[in-house]
Amino acid sequence: GLAAGLDKNGAHIDALLALGFGFVEVGTVTPRPQPGNPKPRMFRLPQQEAVINRLGFNNEGVDALVRNVGRARRTGGLLGINIGKNKDTPNESAEDDYLHCLRKVYALADYVTVNISSPNTAGLRELQEEQALRQLIGTLRDAQEELGAQHGKRVPMLVKIAPDLSDEDIDAVARVLRDLSVDGVIATNTTVSRISVQEHPLAHETGGLSGTPLLNQSTMVLRKLRTRLPDSIPVIGVGGILSGADAVAKMSAGASLVQCYTGLVYRGPEL
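Fair warning: this is a prediction, and the values are worked out from it, not measured in the lab.

1. Quick look at the pattern of salt bridges
1) Next: This structure, assessed with the given rule, holds 13 salt bridges.
2) Next: Between Asp179 and Arg134 there is a salt bridge, and its shortest N-O distance comes to 3.2 Å. You can see Asp179 sitting in helix H5 (residues 167–179) and its partner Arg134 sitting in helix H4 (residues 130–151), a full 45 residues away along the chain.
3) Next: Under the relative-accessibility criterion, Asp179 is labelled partly exposed at 45%.
4) Next: By sharing partners, the salt bridges in this structure join Glu130, Arg134, Arg175 and Asp179 into a single network.

And the structure:
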């Protein structure tokens, strides 16, 4: 699978599926349009095969995404839509933003990803705390079942988590996702850690680090999560996949599927 941006006519989706990806995930989308963080906000670290980004959910809003996705032909693959909250929405109102997006994209998506783990929206990762997570995902699960009855199809909902969680955090997240019977987990988002690139002149740039330096940490979180979740909840492995061997490492750690992002930047379609 590929985590991707989206153009106005949906052609990116079709082009990426034509490369042979089994699924493509677009987003993160928010209820209202927002410009994201000031530029420059993406930095390449080529020697480390890494990227630092602080995009900040720049997007044209969920209504524009729905129009764009509607124009894609979408032959031969599945489409995930990744939802988030607007930057200026306080966490206590976050579920309203997620609900709004879930309802808007439900009919178009083959699965929906709930992004609570980007480091580039202030306070967002606090939604991974056990009680906040239980409240948010519980509300979304209820809405998911209602929408399933309404639309006559049940669209899976996955939760995307951070690689910077402690063992206690992973225990708590697994407890909630198990109790609420979510359809899957995506492990992981980008990291705020700079340990593996600390000598690099760009290491001071804020944002999420992805690519090769993320591989071990994200795979470790994936492995820990897999041991704490029932087999009925699959995990998608993402973070630092730049080769077939990296993908195998994710599968060995318990991933049912894998996604690429930075790997495509450095390796291109050959990946």
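2. Observations concerning the pairing of strand E7 (residues 157–161)
Look at any regular strand and the pattern is simple: side chains alternate between the two faces of the sheet.
1) Next: Most of E7 is tucked away, with five of its five residues classed as buried.
2) Next: Burial of the side chains of E7 extends over both faces: Met157, Val159 and Ile161 are buried on one face and Leu158 and Lys160 on the other.
3) Next: Looking at chain direction, strand E6 (residues 111–115) and E7 are connected through four bridges and run parallel. Among the inter-strand pairings, Val112 is bridged to a residue of E7, identified as Met157.
4) Next: With H4 bridging E6 and its parallel neighbour E7, the resulting β-α-β unit is right-handed.
5) Next: Following the chain from E7 across H5 to the adjacent parallel strand E8 (residues 184–187), one finds a crossover that is right-handed.

3. Looking at the side chain of Thr190
1) Next: In this structure, Thr190 sits in the loop between E8 and strand E9 (208–211).
2) Next: Note on Thr190: relative accessible area 9%, which makes it buried.
3) Next: Once residues within four sequence positions are removed from consideration, Thr190 is found in contact with Asn53, Pro119, Pro163, Asp164, Gly208, Leu209, Ser210 and Leu214.

4. Re the nonpolar core
1) Next: If you look at the biggest cluster of nonpolar residues, it comprises 60 residues, and the most contacted ones within it are Ile83, Tyr98, Ile137, Leu140 and Ile161.
2) Next: What Tyr98 contacts, discounting residues up to four positions off in sequence, is Ile83, Gly84, Lys85, Val114, Asn115, Ile116, Leu124, Leu127, Leu136 and Leu140.

5. Points about the sheet that holds strand E3 (residues 42–45)
1) Next: Strand order in the open sheet formed by three strands is E3-E4-E9, and the pairing between neighbours is antiparallel. With one partner strand each, in any of the chains shown, E3 and E9 form the two edges of the open sheet. Strand-to-strand twist across the sheet, computed as the mean angle between neighbouring axes with direction ignored, equals 20°.
2) Next: With four bridges connecting them, E3 and strand E4 (residues 50–53) associate as antiparallel partners. Each residue of the ladder has a partner; that of Met42, found in E4, is Asn53.

6. Describing helix H2 (residues 62–70)
1) Next: If you check which residues of H2 are buried, you get Val62, Ala64, Leu65, Asn68 and Val69. Down the axis of H2, the buried set is contained in an arc of 155°. They therefore lie on one face.
2) Next: On its buried face, H2 is in contact with helix H1 (11–18), strand E2 (23–29), strand E5 (78–83) and helix H3 (94–105).

7. Concerning the environment of Pro119
1) Next: Following the sequence through the fold, Pro119 ends up in the loop between E6 and H4.
2) Next: Separated by 140 residues in sequence, Pro119 and Gln259 have C-alpha atoms that sit 19 Å apart.
3) Next: Residues contacting Pro119, with those up to four places away along its chain left out, are Arg125, Asn189, Thr190, Val192, Gly207 and Gly208.

Procedures and definitions
- Residues numbered from 1 in each chain as written.
- Predicted model: local features only at pLDDT ≥ 70, side-chain atom pairs only at ≥ 80, totals over all residues.
- Heavy atoms only, no water.
- Salt bridge = Lys/Arg side-chain N within 4 Å of Asp/Glu carboxyl O.
- Helix = DSSP H or I, 4+ residues; strand = E, 2+ residues; numbered from the N terminus.
- Buried < 20%, exposed > 50% of the residue type's maximum accessible area, 1.4 Å probe, protein only.
- Pairing = 2+ DSSP bridges.
- Right-handed = clockwise from strand over helix to strand, strands pointing away.
- Contact = heavy atoms within 4.5 Å.
- Core = buried A, V, L, I, M, F, W, Y, C linked by side-chain atoms within 4.5 Å.
- Axes fitted to C-alpha atoms, helices over the stretch in contact; angles between N-to-C directions.
- Arc of directions from axis to C-beta.

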